[in-house]
Amino acid sequence: MSIDHAPPDISPVSSLPRSPAPPRKDPELVPLAAVAGRRSRVPRWVRRTSGPLLLLALWQVLSGTGALPAGILAAPGTIARVAVDLVADGSLPSAMAVSLQRVAVGLLLGLVVGVGLALVSGLFRVGEDLVDASVQMLRTVPFVGLIPLFIIWFGIGEAPKVAIITMGVMFPLYLNVYAGIRGVDAQLIEAGESLGLSRWGLVRHVVLPGALPGAMTGLRYSLGIAWLALVFAEQVNADAGIGYLMVQARDFLRTDVIVVCLIVYAFLGLLADFAVRTLERLLLQWRPTFTGR
Amino acid sequence: MATDLHRTVTPSGPEPAGDPTTDTPVDTAAKADQERPAAVRVQGLSRVFDGRRVLDDLDLEIAPGEFVALLGRSGCGKSTLLRILAGLDREISGTALVPRRKAVAFQAPRLMPWKRVWRNVLLGLDGSSADRARAERALEEVGLGERAGAWPKTLSGGEAQRASLARALVREPDLLLLDEPFGALDALTRIKAQHLVGEVWQRHGCAVLLVTHDVEEAVLLADRVLVMDGGVIAHEVDVALERPRSLTDPRFAALRAGLLERLGVDTSAAA
Ligand SMILES: Nc1ncnc2c1ncn2[C@@H]1O[C@H](COP(=O)(O)OP(=O)(O)OP(=O)(O)O)[C@@H](O)[C@H]1O
Ligand SMILES: [Mg+2]
């Protein structure tokens, strides 16, 4: 069988007619704004507070027009007045003092236990084998579910409340510090060894600073959880504190007092977040990371 | 410069039982001291990774103050040897004697990002002698005196590499181990860094083992060039050219061509 070849297409590739060179167009130049000029027009803290303030204004407008009845949610103005009263008669400051103390003690205990355990299992393989499995198991237990047990164990005084906060705080700290330690670059460890650092020197100069970013993340998580745990703990069997104030207000249908308490919680949370941010700025300034535009 | 203190890199791994060539370290050390002085003395060194003998009965001697370059194709075990000499890998058999005072500069600068440059330089030195002025002198030597207070993240690649060199030099080592320290630098910075290492070596008089891929660099800097293959030093060349050396010297080109041939690069086309 023969294959017929199609005659090769040898028609001359007609060369494109040479068009005259297009007239040269000079590009339009645009100025590049200097970053320094664009920045810091408005101070950072003003920008950060403008969001919440806008929300507040919207709320006041809704209340003022009657779209939001006072029985559902009191107007910001009313709430401000109630807040002033609560401060004046001393009930809010004393409640805050009690609550703050609970958080501080719980946080401190959780910090000691969480970071301590993370160091043991992060630095030593034996420690990891002993500690990590148990902690991983325990952390899946919802800590709020432990409240009844803690009341039976510790009674109804300060102990169960502090214990709940400690439980809530220690796990995120443990996980992040542990991950931070294990995430330290092995090449840096080796460099430290080659420089003659002792075992303790390696921990102090290489491992712990390397774990610091993780630890700060853990601290943030645990601060958030600390307030959450506080709310739970104080609504059970408390006779002082912000949570107690809220329970009382609920019994008298005082939405304004409840909102004041919520605002206090939020405010304290913000304050804590600010503290951690400041700490991060001081401790992690060496980090070559993206800081946002 | 005499290397007085010798220390054995003791094997900690599985040692081949009844290997007659493996002397006890103490015996070798005693014997070695009666011989001529050396900055490195390695005998019958082996290192096995997963049943593969990467170093196989390797012998190596480096005289005090000698500049030795180590060439070899990728994966032949150069870094492994260097890490052993640095005391970072103890799973060896055979004997390796190295000075107590030795320092390493790696391919990546490996500065601790959380320490300012001068603190990086002093890392691992004991407190009494480690003050900022000493770090600044070392940084001055590599042309970085002004960046002593900077964070490592603000250094350029070449600057970071020089800081790493300063960190090695501040220890006044008897043996300086360099693992492709210029590998990641651009051509121009690389030439400057090579000159710097040459100068520093002449000033300090320490023995240097430079691992490199660059034959030209080896011939430019070293007293002796070693080629590693099959887990041993397969070939060595004395570079008897007076310094400073010129790339255009015909003897230089001949040495270079010979080494390239040893490394399995066909130079006939280029020559
Ligand atoms: N930790 C390890 N585990 C298993 N094998 C390893 C290990 N380290 C190195 N090797 C192997 O040993 C061999 C030698 O590695 P080495 O890093 O010494 O090579 P090299 O000569 O420095 O190569 P290059 O020039 O590419 O840096 C390689 O084949 C490598 O895969
Ligand atoms: Mg290598």
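Residues numbered from 1 in each chain as written. Chains lettered and ligands numbered in written order. Predicted model: local features only at pLDDT ≥ 70, side-chain atom pairs only at ≥ 80, totals over all residues. Heavy atoms only, no water.

(A) Examining the overall build of chain A more closely. Helix and strand counts for chain A come out as 11 helices and 0 strands. Looking at chain A residue by residue over its 293 residues, the buried ones come to 34%. Restricting to contacts in chain A with at least 6 residues of sequence separation, those with at least 24 account for 72%. For chain A, the exposed surface amounts to about 19,100 Å²; the carbon and sulfur share of it is 68%. (Helix = DSSP H or I, 4+ residues; strand = E, 2+ residues; numbered from the N terminus. Buried < 20%, exposed > 50% of the residue type's maximum accessible area, 1.4 Å probe, protein only. Contact = heavy atoms within 4.5 Å. Areas by Shrake-Rupley, 256 points an atom, 1.4 Å probe, with all protein chains shown as cover.)

(B) Structural view of the overall build of chain B. A tally of helices and strands in chain B yields 8 helices and 10 strands. Among the 271 residues that make up chain B, the fraction classed as buried is 52%. Sequence-distant contacts, at least 24 apart, represent 70% of the contacts inside chain B between residues at least 6 apart.

(C) Representation of the packing of helix α4 (residues 91–123) of chain A against helix α7 (residues 158–182) of chain A in the model. Between α4(A) and α7(A), the shortest axis-to-axis distance is 6 Å and the interhelical angle comes to 35 degrees. Between α4(A) and α7(A) lies a crossing whose hand is right-handed. (Axes fitted to C-alpha atoms, helices over the stretch in contact; angles between N-to-C directions. Left-handed = near helix turned anticlockwise from the far one by under 90°.)

(D) View of the UniProt feature "domain: ABC transmembrane type-1" (unreviewed entry) in chain A. Mapped onto the present numbering, the UniProt feature "domain: ABC transmembrane type-1" (unreviewed entry) falls at residues 92–276 of chain A. Here residues 92–276 of chain A runs as 84% helix and 0% strand, with 25 Å between its end C-alpha atoms. (UniProt positions renumbered as here; feature names shortened; annotations may be inferred.)

(E) Molecular detail of a positive patch on the surface. Residue and element names in this part refer to chain A. The grouping of Arg44, Arg47, Arg48 and Arg281 at the surface amounts to a positive patch. When residues in the positive patch are grouped by element, the largest group, 3 residues, is from helix α2 (residues 44–64). Among the structural elements, Arg44 can be located in helix α2. (Patch = residues over 30% accessible without salt bridge, like charges linked within 9 Å, V, L, I, M, F, W, Y side chains within 5 Å. Salt bridge = Lys/Arg side-chain N within 4 Å of Asp/Glu carboxyl O. Lys, Arg positive; Asp, Glu negative; His and termini not counted. Charge placed at Lys NZ, Arg CZ, Asp CG, Glu CD.)

(F) The pattern of salt bridges, seen in detail. Residues and elements named next belong to chain B. Scanning the entire structure with this criterion turns up 26 salt bridges over all chains. Notably, a salt bridge pairs Arg190 with Glu217, separated by 3.3 Å at the nearest N-O pair. One end of the pair, Arg190, is in helix α6 (residues 187–204); the other, Glu217, is in helix α7 (residues 215–221), with 27 residues separating them in the sequence. A residue is classified by how much of its surface remains accessible, and Arg190, at 19% relative accessible area, is buried. Of the charged contacts, one joins Arg224 and Glu236 as a salt bridge, the two residues approaching to 3.1 Å between their closest N and O atoms.

(G) Quick look at α4(A). Residues and elements named next belong to chain A. Taking 1.5 Å of rise per residue, 33 residues should cover 48 Å, and α4 covers 47 Å from first to last C-alpha, within 8% of that figure. Three or more residues of α4 are buried, namely Leu92, Ala95, Ser99, Arg102, Val103, Gly106, Leu107, Gly110, Gly114, Ala118, Ser121 and Gly122. Considering only its buried residues, α4 is in contact with α3 (76–88), α5 (125–138), α7, α9 (199–234), α10 (242–251) and α11 (255–283). (Expected span 1.5 Å × (residues − 1).)

(H) Up close: the environment of Leu178(B). Residues and elements named next belong to chain B. By the element assignment, Leu178 lies in strand β7 (residues 175–179). Sequence separation of Leu178 and Ala103 is 75 residues, and the distance between their C-alpha atoms is 8.5 Å. Residues within four places of Leu178 in sequence aside, it is in contact with Leu82, Ala105, Leu165, Val197, Val208, Leu209, Leu210 and Val211.

(I) Highlighting the site of ligand 1. Residues and elements named next belong to chain B. Taken together, 13 residues sit near ligand 1, with Ser74, Gly75, Lys78, Ser79 and Thr80 positioned nearest. Note that an oxygen atom of ligand 1 is positioned 2.5 Å from one of the side-chain N or O atoms of Ser74. Among the elements of the structure, β3 (52–62) and α2 (78–85) are those that each provide at least two residues to the shell around ligand 1. Tallying contributions element by element places α2 first for the shell around ligand 1, with 3 residues. Grouping the amino acids of the shell around ligand 1 by side-chain chemistry returns 3 nonpolar, 6 polar and 4 charged. (Near = heavy atom within 4 Å. Polar contact = N/O pair within 3.5 Å; in protein donor to acceptor, adjacent residues only side chain to side chain. Nonpolar A, V, L, I, M, F, W, Y, C, P; charged D, E, K, R; others polar.)

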